[in-house]
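Structural description and commentary
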Amino acid sequence: MSAAVGTERPQVVSHVQQALSYTVFDCKWVPRSARLLCLGSAARGTGLIQLYELHGARLELLREIEKPKPIKCGTFGATSLQQRYLATGDFDGNLNIWNLEAPEIPVYSVKGHKEIINSIDGVGGLGIGEGAPEIVTGSRDGTVKVWDPRQKDTPVANMEPVQGESKRDCWTVAFGNAYNQEERVVCAGYDNGDIKLFDLKTMSLRWETNIKNGVCSVEFDRKDINMNKLVATSLEGKFHVFDMRTQHPTKGFASVSEKAQKSTIWQVRHLPQNRDIFMTSGGSGSLHLWKYEYPAQRSKKDSEGSEMGVAGSVNLLQNVTLSTQPICSLDWSPDKKGLCVCGAFDQTVRVLIVTKLSKV
């Protein structure tokens, strides 16, 4: 790992800080707007959705919506730009889809899991990714389910432990490979370090590995292209970048790992405007900005003549400590390069501006 040098290094500037009166678990930019959402849990055990608008150097609270159960995660990924419906997973295992203009009753609701929904992702909406609009949920009950909001009550896919296999807490899920109408994968990470890649076209387990540590976050660098790279972050301050272009019959995907810090890496998010730049958020209240460098050749033949991938390297562009508590959620603005929001357990949401991203 080498750090970027000189004055061209990006800077991470804290633009606005907003104190909250509740625990925030997820933050999301509302597509095509200067608005953002904070999702979480109020002290009395209910769920909260707060909608803010960015006005210069301040955040204005536009709306606060209280729900019966604490809300753990949300996504806009399976909705159109016209509707911009928010899908959420809560502590009771419910998947709900909300029209934020009329949020009293969900437009879609299903008791998706027996226990908390830890992670959610959407694809096929916002003009990102081919194919049907779908939502994936991962839960403490050990299952990963894919939902089509047009189909009531039943998931279109259900990945659960096979008989005799112990159930593991699924901490993170992500869609990828949605580059045409047929192809689509889901990646899931579990508390025991397992990473599983499910192929939704063939309804089969395409690949699995173990990174020896609870997997906190997984994300493909892009959902709507041929699988290119996948980043997985872990409890022990390490993350792994897998080159997903070449799958070796026995060795799987080539990867490079980096020890970013001593504490948990809660999330990874790729910059929407440049898939080789990503940010990780840490248990020590820090953010690290990274750039992936490709090797001269991304694949080579092994002694048997099978293609195998070659991993690249990661460079640290910048790091900054913002909080005394873990930064548990992170989201880049899809529209304005370098604009970012993060939520931390110090009950603060921060809007950040990352400069000089076009220079790296």
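Thresholds, definitions, all that
- Residues numbered from 1 in each chain as written.
- Predicted model: local features only at pLDDT ≥ 70, side-chain atom pairs only at ≥ 80, totals over all residues.
- Heavy atoms only, no water.
- UniProt positions renumbered as here; feature names shortened; annotations may be inferred.
- Buried < 20%, exposed > 50% of the residue type's maximum accessible area, 1.4 Å probe, protein only.
- Helix = DSSP H or I, 4+ residues; strand = E, 2+ residues; numbered from the N terminus.
- Pairing = 2+ DSSP bridges.
- Phe/Tyr/Trp six-rings, centres within 6.5 Å; stacked < 30°, edge-to-face > 60°.
- Contact = heavy atoms within 4.5 Å.
- Polar contact = N/O pair within 3.5 Å; in protein donor to acceptor, adjacent residues only side chain to side chain.
- Axes fitted to C-alpha atoms, helices over the stretch in contact; angles between N-to-C directions.

In the nomenclature of an unreviewed UniProt entry, the chain is known as Dynein axonemal assembly factor 10 of Sylvietta virens. The UniProt entry for the chain carries the following comment under Function (unreviewed entry): "Key assembly factor specifically required for the stability of axonemal dynein heavy chains in cytoplasm."

Turning our eyes to something else, we now look at the pairing of strand β3 (residues 35-41). In terms of burial, β3 is largely enclosed, as 6 of its 7 residues are buried. Both strand β2 (residues 23-29) and β3 contribute to a ladder of 6 bridges, which runs antiparallel. Bridge pairing links aspartate 26 to leucine 39 in β3. Counting the residues in the hairpin turn of β2 and β3 gives 5 residues, including arginine 32, whose phi is positive at 55°. In this structure, β3 lies alongside strand β4 (residues 47-55), joined through 7 bridges in antiparallel fashion. When the bridges of β4 are listed, leucine 36 appears paired with tyrosine 52.

Next up on the list: the packing of aromatic side chains. Taken as a whole and assessed by the stated rule, the structure comprises 8 aromatic pairs. With centroids separated by 5.2 Å and ring planes inclined at 80°, the aromatic side chains of tryptophan 266 and phenylalanine 345 adopt a geometry described as edge-to-face. With tryptophan 266 in strand β22 (residues 265-270) and phenylalanine 345 in the loop between β29 (339-344) and β30 (348-354), this residue pair connects regions lying 79 residues apart in the sequence. For phenylalanine 345, a relative accessible area of 26% corresponds to the partly exposed category.

When you line up the elements, aspartate 221 lands in the loop between β18 (215-220) and β19 (229-234). Each C-alpha atom of the pair aspartate 221 and isoleucine 97 lies 25 Å from the other, and the pair is 124 residues apart in sequence. The residues contacting aspartate 221, other than those within four sequence positions of it, are Asn228, Lys229, His270, Arg275 and Tyr294. In terms of polar contacts, aspartate 221 uses its side chain to reach the side chain of lysine 229, at 2.9 Å.

With phi around 65°, lysine 212 is a residue other than glycine that occupies positive phi space. If you trace the backbone, lysine 212 turns up in the loop between β17 (204-210) and β18. In this structure lysine 212 comes out as exposed when scored by relative accessible area, which is 72%.

Let's shift gears to the sheet that holds strand β15 (residues 185-190). Here 4 strands make up an open sheet; going across it, the order is β14-β15-β16-β17 and the pairing antiparallel. Each of the sheet's edge strands pairs with one partner strand only, and the pair in question is β14 (170-176) and β17. Averaged over neighbouring strand pairs, the angle between their axes works out to 15° when direction is ignored. In this sheet, β15 lies alongside β14 in antiparallel orientation, the contact comprising 6 bridges. Pairing of alanine 174 across the sheet is with cysteine 187, part of β15.

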